[in-house]
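# Understanding the architecture of this molecule
Each chain is listed here by its residues.
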Amino acid sequence: MRINYRRRFLLVILLCLSFVPIISGEAAPSTHNVSTKTRARNVLDQLTPEERVGQLFLVSFQGTNVGIETQIHDLITNHHIGGVMLSAGNNNFTASDQTITNTWTLTNQLQTHRYSASQASSVDSDTEEVASQPTYIPLFIGISQEGDSAPHDQIINELTPLPSQLAIGATWNPELAKQVGTIAGNELAALGINLLFGPSLDVTENPRPEEEGDLNVRVFGGDPFWVGEMGRAYINGVHEGSQGHIAVVGTHFPGLGSADRLPTNEVATVRKSIEQLKQIELAPFFAVTGDAATESERIDALLVSHIRYQGLQGNIRSTTRPISFDQQALNLLMQLPSLSTWREDGGVMISDDLGSRAVRRFYDPTEQTFNARRLALDAFLAGNDLLYLNNFIGDNDPDAYTTIAKTLDFFTQKYHEDPVFAQRVDESAMRILTLKLRMFDSFTLNQVITSGNLDSVKTTESEQITYKIAQRGATLISPSLNELGDVMPNPPDYYDHIVFITDSYTAQQCAECPTQTIPPTNALEQSVLALYGPSSGRQISPNYLTSYSSTQLTQVLDNIEDTQTIEETLQRADWLVFTILDIQTDRPSSLALQRLLAERPDLSHNKKIIVFAANAPYYLDATNISKFTSYFGIYSKTSPFMDVAARLLFKEITTPEGDLPISVPGVGYVLMSATSPNPEQIIPLIVEFPNVTENISSPEVIIAPDFQIGKTITLKTGVILDHNNHPVPDNTPAQFIVTVNGQEMPTITTTTTDGIVHIDYKIGQPGFTNIKVKSGSAISDEITFEVPIGENTPIPPTVTPTQTPTASPSPTMPPPTPQPTPELEDTVQHPEIQDWLLALVIISIIAWAAARTGALMGQVRWGARWGLSAVIAGLLTYTFATLSLAGTTWAIETHQHWCVLLFAFLGALLGWGLSLLLYFKDRN
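In this text the structure is predicted, and so the values were computed from the model without any measurement.

To continue, consider the nonpolar core. A general tendency of soluble globular proteins is for nonpolar side chains to be buried together. Formed by 206 residues in total, the largest nonpolar core has its most connected members in Phe253, Phe411, Val528, Phe578, Phe612 and Leu649. Every residue in contact with phenylalanine 578, bar those within four places of it in the chain, is listed here: Ile501, Leu553, Leu593, Leu596, Ile609, Ile610, Val611 and Phe612. Ranked by size, the runner-up nonpolar core spans 19 residues in total, among them Ile748, Ile771, Val773 and Ile783.

Following this line, the structure appears as C-alpha cells:
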C-alpha cells in the first residue's frame with residue numbers, strides 16, 4: 001500500500017507540473033532591490049517608535065572615550081541614534097603614531113555597544129515587566145576626508161596623503177579619479193568608517209577669490225560635465241575599494257559654486273533660477289543620481305546645504321528660506337527627473353550641520369535664542385531623512401547631549417500623536433534601513449565590524465597613485481611651453497643660491513596632539529635634496545639652499561628687527577622659489593609674495609622667480625604673474641606634489657601634462673572657451689555603408705557600391721577635441737552641412753556624446769552629395785559621393801535626413817564602428833496560450849473516451865486509470881514537443897503549433913494504450 005500511495009503522490013505531482021503552460025520569454029529581472037526593500041520593511045516592522053525616530057539622527061561627540069558612563073554610549077544604547085560623525089575638531093582622533101589603530105578601536109567599540117544593547121533585556125521600572133529587546137541596527141560612522149591634508153582631511157596622519165579634488169581634475173582622467181576613490185574606500189573601510197561625506201560636486205564656474213564663497217581646491221573644476229564625470233568615477237572607486245561597505249554622500253547639494261559665501265557662519269545666497277541651476281550647479285548631481293550608468297557610480301546620499309535662492313522660480317524678488325529648511329523649494333528640485341528617479345529608488349537626503357552658526361543666525365540674528373527642537377523639525381519636514389547634529393545646544397541646556405535627548409523625545413511624542421508625522425518618519429527610516437542593508441547585507445556584528453587587519457592602510461601602491469596624479473596634473477600656467485625654453489633654458493646650477501619661501505599654516509590632529517606645519521617650511525628643499533643632492537647625482541649643493549616661511553618674509557617686509565640675515569640671503573639669491581596657498585585676509589602671510597613684488601622690487605630684481613600654486617591658481621593678477629619666470633599649478637601640498645615641483649624646477653619634467661580645470665583670469669584662461677572645439681583640428685568624418693566592411697573617411701571622393709535612392713548611410717565623426725586636446729563635453733552642438741548637386745539642404749544639428757556625433761542619413765536624390773561637419777569653429781574635410789541615376793529612378797525634390805540617438809561609447813576609447821545588420825524575420829512559431837488550451841481539450845476528450853470505455857465494460861476503476869494515463873502522457877508529450885521542437889526546420893515547415901497538438905493527441909492515445917496493456921496483463 002505504501003508503494004501505491006507513493007506512486008499516486010508522484011502521479012499527482014507530475015500532473016500538477018504538466019498543467020503549467022510553456023510560454024517563451026525573457027528571464028525575469030533581478031529582485032535584489034525588491035528583496036532589500038522587503039527586508040528593510042521587515043526590520044522596520046520590528047522597531048518601536050523610539051527606535052524609528054532614533055534612526056533619523058546623526059550626531060557628533062567629544063573625545064575618544066565611549067565607555068558605558070559616557071553620554072554617547074547612552075545615545076547609542078538607550079536612544080537608538082542612527083549614527084555618529086567623527087572629526088578632528090571634536091578630538092575624536094589621537095596623535096600620529098597611533099591614529100589608525102585608535103580609530104579602528106573607536107569605531108569597533110561604537111558598533112559593539114549598539115550590538116550589546118540589542119542582546120540585553122531590560123525591565124520596565126513601572127510595570128516590572130521585561131521589555132522587548134531593541135533590534136540590532138548598525139551605526140553610520142561618518143567622516144569628511146576630502147584630500148590635501150588639513151583642514152579638509154580629518155585624519156592627517158598615517159593614511160595615504162590623497163590629492164585635492166582640483167589636483168584630480170587637472171588630470172582630466174576619470175580613471176585616476178576612480179583610483180583615488182578606491183584608495184579612500186579601502187583605507188576608511190579598514191578603519192570601520194562606513195559613511196563618507198564627499199566628494200564635493202560643486203562647480204566653480206567663475207572663481208571669486210576675493211569673496212567668502214571661494215571653494216579653493218575642494219572642487220574637481222569649473223565645467224559641470226567634467227565635474228560629473230570625475231564625481232561618478234570617484235564614487236565608483238569608493239564603492240569598489242570598500243566592497244560596498246561605505247555609503248557615499250555627495251556634497252553640497254544643490255551646489256555652492258555660485259554662492260556668495262560658505263554656509264558656516266552665515267546662510268549662503270545664490271541668485272539663479274532653476275533653469276540656470278540645471279545647466280551648471282545641478283548637472284553633476286544629475287550625473288551621479290538618475291543619470292548614473294551603473295549602481296556603483298550612483299551616489300547613496302546627498303548633503304543638503306544651507307543655501308537660499310533668489311529667483312528660483314523666475315521672480316528675482318522672491319527669496320527662499322535655506323533649502324535645507326524649505327519644503328516647497330526642496331521638493332521643486334527633487335521633482336526634476338534625474339533626482340526624482342534616484343529618490344524613488346531609496347536615495348537618502350542628509351541635512352548639513354544643524355548646529356552651525358549659520359543656522360543659529362538665520363533663526364535669530366542676535367544669536368540669543370536657539371529653539372533646537374523646532375529647528376530639527378523644520379529640517380526634517382523640509383525633506384531631510386537624516387539630521388546631522390554637531391554642537392547642537394538649545395536654550396538653557398547645559399550641553400549637546402541634553403538637547404539631542406530632548407529632541408529625540410519630542411520627535412517620539414509627535415510620532416505617537418500625529419499619524420501623518422509618523423508616516424513621514426517611517427518613510428525616512430525605510431530609506432535609511434534600506435541603505436544600511438545594501439551596505440551590510442544582514443545586520444550581524446561580524447558583517448559590520450572590521451577584522452583589524454590594517455595592512456591595507458597606506459600601501460606603496462596607493463602612494464604611487466597619488467604621485468601619478470601629481471605628475472599627470474602638474475600644469476604650466478605661464479608662460480607658454482614654447483616661451484619657457486627662452487626664459488628658463490636651464491635648471492639651477494650647482495653653485496646657484498636658491499631660496500625657498502613656503503606659505504604654511506599649523507594644524508593639530510587633536511587639541512592635545514603636537515602642532516604640525518602644513519606644508520613644512522622646508523618641504524620643497526627636502527624634495528630637491530632627495531632628488532638632486534649629494535646622494536642623488538650632486539646637481540646642487542646643500543650649502544646654497546635656504547628655506548623660509550612666508551611669515552618670515554612678511555617680517556622682513558614689515559621691517560621687524562632681527563631679519564637682516566634673511567634680507568641678505570634674499571639679495572644674494574639667484575633663484576626665488578615660492579610655494580603659495582590660498583589668500584586669506586585673516587592670514588597676512590598669504591600676501592607675502594604680492595607684497596614682495598610691490599614693496600621690495602630690489603629683492604626680486606634679476607632673479608629667477610618660480611612659483612608653485614599648491615592650492616587654487618587664480619589668486620594672482622596679471623601684473624604679478626608677468627613678473628614670474630614661470631608659474632606652475634600643482635594644486636596640493638602633500639609630499640608627492642613637492643617631489644613633482646622639484647622635478648619641474650630642475651626640468652626633469654619638461655612638458656607638464658596637466659591642464660587648468662578652472663578659469664584663471666590672471667592669464668586670460670577662460671574654461672568655457674578652453675573646453676570648446678579647437679578650431680585648429682580637422683574633425684574626422686566617417687561614412688558607414690550597410691554590408692560594406694571597410695568604411696570611408698574624409699577627404700576622399702566616394703563612388704561607393706549600392707548607392708540607391710532611399711538607402712540610409714551612417715555619418716559619424718571621430719572624437720572632437722577641445723583646446724586642451726580632451727574630448728569636448730557632452731552636449732556640445734555640431735552641425736552636419738549637406739549639399740546636393742550644389743543646393744544646400746537644411747542643416748542637421750545634433751550634440752556630442754563622449755566627443756562624438758553621428759546621424760543616419762537617408763539618400764533622397766541622385767547626383768553628387770557633399771557632406772561636412774562643423775562644431776564651434778572646428779570643421780571637417782568634406783566627403784563627396786555620387787548617387788547614380790537609374791533608368792526608372794524617380795528624383796524626389798528634397799532630401800530627408802533623419803537624426804538617430806547616439807549609443808554611448810566607452811569613456812576611455814572611441815566606440816567600435818557599429819555594423820548595421822538587416823532585421824531577420826522571426827520564422828520560429830512559439831506555442832501560445834491558446835495552443836495549450838486546445839491541447840487540453842484534445843487530451844480531455846481522449847481521457848473522457850477512455851474512462852467512458854471502462855465504465856461501459858464494467859471496469860470503472862480501470863476506466864479512471866485509463867483516463868488519468870491519457871492525461872499524463874498527453875501533457876508530457878505536449879511539453880516535450882514544445883521544448884524540443886521549437887525552431888527546428890521540420891517543425892517550422894509543418895507549422896509548429898499543429899505539430900505540438902499532434903504530439904498531445906498521440907501521447908494521450910499512447911497513455912491509454914499502455915494502461916490497456918496493463919489491464920489485459922492483470923486479467924491474465
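Having seen the model, we can carry on.
What follows covers the pattern of salt bridges. Inspection of every chain in the model, using the stated rule, returns 30 salt bridges. Between lysine 37 and aspartate 345 there is a salt bridge; the shortest N-O distance is 3.8 Å. Here lysine 37, found in helix 2 (residues 32-46), pairs with aspartate 345, found in the loop between helix 12 (337-344) and strand 11 (348-351); they are 308 residues apart in sequence, far enough to count as distant. Between aspartate 345 and arginine 298 there is a salt bridge; the shortest N-O distance is 2.5 Å. Of this pair, aspartate 345 sits in the loop between helix 12 and strand 11 while arginine 298 sits in the loop between helix 10 (283-288) and strand 9 (301-304); the two residues are 47 residues apart in sequence, bridging distant segments of the chain. On the basis of relative accessible area, aspartate 345 is assigned to the buried category, the value being 18%.

Attention shifts here to the packing of aromatic side chains. Under the definition given, this model contains 20 aromatic pairs. Relative to phenylalanine 285, the ring of phenylalanine 253 has its centre 5.2 Å away and its plane inclined at 85°; by these criteria the two rings are edge-to-face. Pair noted here: phenylalanine 253 is in strand 7 (residues 247-253) and phenylalanine 285 is in helix 10, with a separation of 32 residues, a long-range link. Phenylalanine 285 carries the same exposure label as phenylalanine 253, and that label is buried. Between phenylalanine 410 and phenylalanine 411 the ring centres are 6.0 Å apart and the planes differ by 75°, which places this aromatic pair in the edge-to-face class.

What follows covers the state of the cysteines. Here a disulfide denotes one covalent bond, and it connects the sulfur atoms of two cysteines. Evaluated as defined, the whole model comprises 1 disulfide. The side chain of cysteine 510 participates in a disulfide bridge whose partner is cysteine 513; the two sulfur atoms lie 1.9 Å from each other. Across the S-S bond of cysteine 510 and cysteine 513 the torsion is about 90°, and the bridge reads as right-handed.

Turning our eyes to something else, we now look at the pairing of strand 22 (residues 685-688). Burial of the side chains of strand 22 extends over both faces: Leu685 and Val687 are buried on one face and Ile686 and Glu688 on the other. In this structure, strand 22 lies alongside strand 25 (residues 712-717), joined through 4 bridges in antiparallel fashion. Bridge pairing in strand 25 places glutamate 688 opposite threonine 714.

Let's shift gears to the pairing of strand 20 (residues 630-633). Residues of strand 20 alternate between two faces, with Ser630 and Phe632 on one and Tyr631 and Gly633 on the opposite face, all of them buried. As judged from the 3 bridges shared by strand 13 (residues 475-478) and strand 20, these two strands associate in the antiparallel manner. Residue pairing across strands places leucine 476 opposite phenylalanine 632, the latter belonging to strand 20. Bridging between strand 19 (residues 608-613) and strand 20 involves 4 bridges; their strand directions are parallel. Bridging from a neighbouring strand, valine 611 pairs with tyrosine 631 of strand 20.

With that settled, the discussion passes to the environment of leucine 336. Examined against the element boundaries, leucine 336 turns out to sit in the loop between helix 11 (327-334) and helix 12. Separated by 58 residues in the primary sequence, leucine 336 and lysine 278 place their C-alpha atoms 9.2 Å from one another. Contact partners of leucine 336, with chain neighbours within four places excluded, come to Ile274, Lys278, Leu282 and Phe286.

Let's shift gears to the side chain of arginine 261. Within the secondary structure layout, arginine 261 lies in the loop between strand 7 and strand 8 (268-271). At 3.4 Å, the side chain of arginine 261 forms a polar contact with the side chain of aspartate 260. Not counting the four nearest positions on each side in its chain, arginine 261 is found in contact with Glu212, Gly213, Glu266, Val267 and Ala268.

It is worth spelling out the packing of helix 20 (residues 523-532) against helix 26 (residues 639-649) at this point. In contact at an axis separation of 8 Å, helix 20 and helix 26 are set at 65° when each is read in the N-to-C sense. Handedness of the helix 20/helix 26 crossing: right-handed. Listed contacts from helix 26 to Ala523, Leu524, Ser527, Val528, Leu531 and Tyr532 of helix 20 are Ser639, Met642, Asp643, Ala645, Ala646, Arg647 and Leu649. The residue makeup of the contact of helix 20 with helix 26, split by class, is 9 nonpolar, 2 polar and 2 charged.

Below, the discussion takes up unusual backbone geometry. Residue proline 479 follows serine 478 across a cis peptide bond; omega there is -5°. Relative to the elements of secondary structure, proline 479 occurs in the loop between strand 13 and helix 19 (481-487). Despite not being glycine, asparagine 91 shows a phi value in the positive range, around 60°. Among the secondary structure elements, asparagine 91 is positioned in the loop between strand 2 (83-85) and helix 5 (99-119). Phi at asparagine 725 is positive, roughly 65°, even though this residue is not glycine. Checked against the element boundaries, asparagine 725 lands in the loop between strand 25 and strand 26 (733-740).

A rise of 1.5 Å per residue sets the reference length of helix 5, with its 21 residues, at 30 Å; its end C-alpha atoms lie 31 Å apart and thus fit the reference within 8%. Buried residues belonging to helix 5 abut helix 4 (71-77), strand 2, strand 5 (140-143) and helix 17 (445-448).

With that settled, the discussion passes to the sheet that holds strand 18 (residues 575-580). With mixed pairing, 6 strands are arranged side by side in an open sheet as 13-20-19-18-14-17. Both edges of this open sheet fall to strand 13 and strand 17 (545-549), since each of them pairs with a single strand only. Across the sheet, the mean angle separating the axes of adjacent strands is 20° when strand polarity is ignored. Of the strand pairs in this sheet, strand 14 (residues 498-502) and strand 17 are connected by 5 bridges, and their pairing is parallel. Considered in strand 17, the bridge of valine 499 is made with threonine 546.

With that settled, the discussion passes to the side chain of serine 356. With respect to the helices, strands and loops of the structure, serine 356 is situated in the loop between strand 11 and helix 13 (357-363). The buried category is assigned to serine 356, whose relative accessible area is 10%. Not counting chain neighbours up to four residues away, the residues in contact with serine 356 comprise Pro263, Thr264, His306 and Asn390.

Relative orientation of the contacting elements helix 7 (residues 174-190) and helix 8 (residues 224-241) amounts to 35°, with a least axis distance of 6 Å. Taken as a pair, helix 7 and helix 8 cross one another with a handedness that is right-handed. Contacts from Pro174, Ala177, Lys178, Val180, Gly181, Thr182, Ala184, Gly185 and Asn186 in helix 7 reach Trp226, Glu229, Met230, Ala233, Tyr234, Asn236, Gly237, Val238, Glu240 and Gly241 in helix 8. The residue inventory of the contact of helix 7 with helix 8, partitioned by class, reads 9 nonpolar, 7 polar and 3 charged.

Among the structural elements, histidine 416 can be located in helix 15 (residues 400-417). Classification of histidine 416 as exposed rests on a relative accessible area of 53%. In this structure histidine 416 touches Pro49 and Glu50, once residues within four positions along its chain are discounted.

Every buried residue belonging to helix 22 (residues 564-572) is among Ile566, Glu567, Thr569 and Leu570, and all of these are buried. In an axial view of helix 22, the angular spread of the buried residues amounts to 160°, which keeps them on one side of the axis. Tucked into the core, helix 22 has its buried residues touching strand 14, strand 17, helix 21 (550-557), strand 18 and helix 24 (601-604).

Tracing the backbone through its elements, the reader meets asparagine 65 in the loop between strand 1 (57-60) and helix 4. Placed 27 residues apart in sequence, asparagine 65 and asparagine 92 show a C-alpha to C-alpha distance of 8.7 Å. Ignoring anything within four residues of it in the chain, the contact list for asparagine 65 reads Thr70 and Ile72. A polar side-chain atom of asparagine 65 sits 3.0 Å from the main-chain amide nitrogen of glycine 67.

Rules used in this analysis
- Residues numbered from 1 in each chain as written.
- Predicted model: local features only at pLDDT ≥ 70, side-chain atom pairs only at ≥ 80, totals over all residues.
- Heavy atoms only, no water.
- Core = buried A, V, L, I, M, F, W, Y, C linked by side-chain atoms within 4.5 Å.
- Buried < 20%, exposed > 50% of the residue type's maximum accessible area, 1.4 Å probe, protein only.
- Contact = heavy atoms within 4.5 Å.
- Salt bridge = Lys/Arg side-chain N within 4 Å of Asp/Glu carboxyl O.
- Helix = DSSP H or I, 4+ residues; strand = E, 2+ residues; numbered from the N terminus.
- Phe/Tyr/Trp six-rings, centres within 6.5 Å; stacked < 30°, edge-to-face > 60°.
- Disulfide = S-S within 2.5 Å.
- Pairing = 2+ DSSP bridges.
- Polar contact = N/O pair within 3.5 Å; in protein donor to acceptor, adjacent residues only side chain to side chain.
- Axes fitted to C-alpha atoms, helices over the stretch in contact; angles between N-to-C directions.
- Left-handed = near helix turned anticlockwise from the far one by under 90°.
- Nonpolar A, V, L, I, M, F, W, Y, C, P; charged D, E, K, R; others polar.
- Expected span 1.5 Å × (residues − 1).
- Arc of directions from axis to C-beta.

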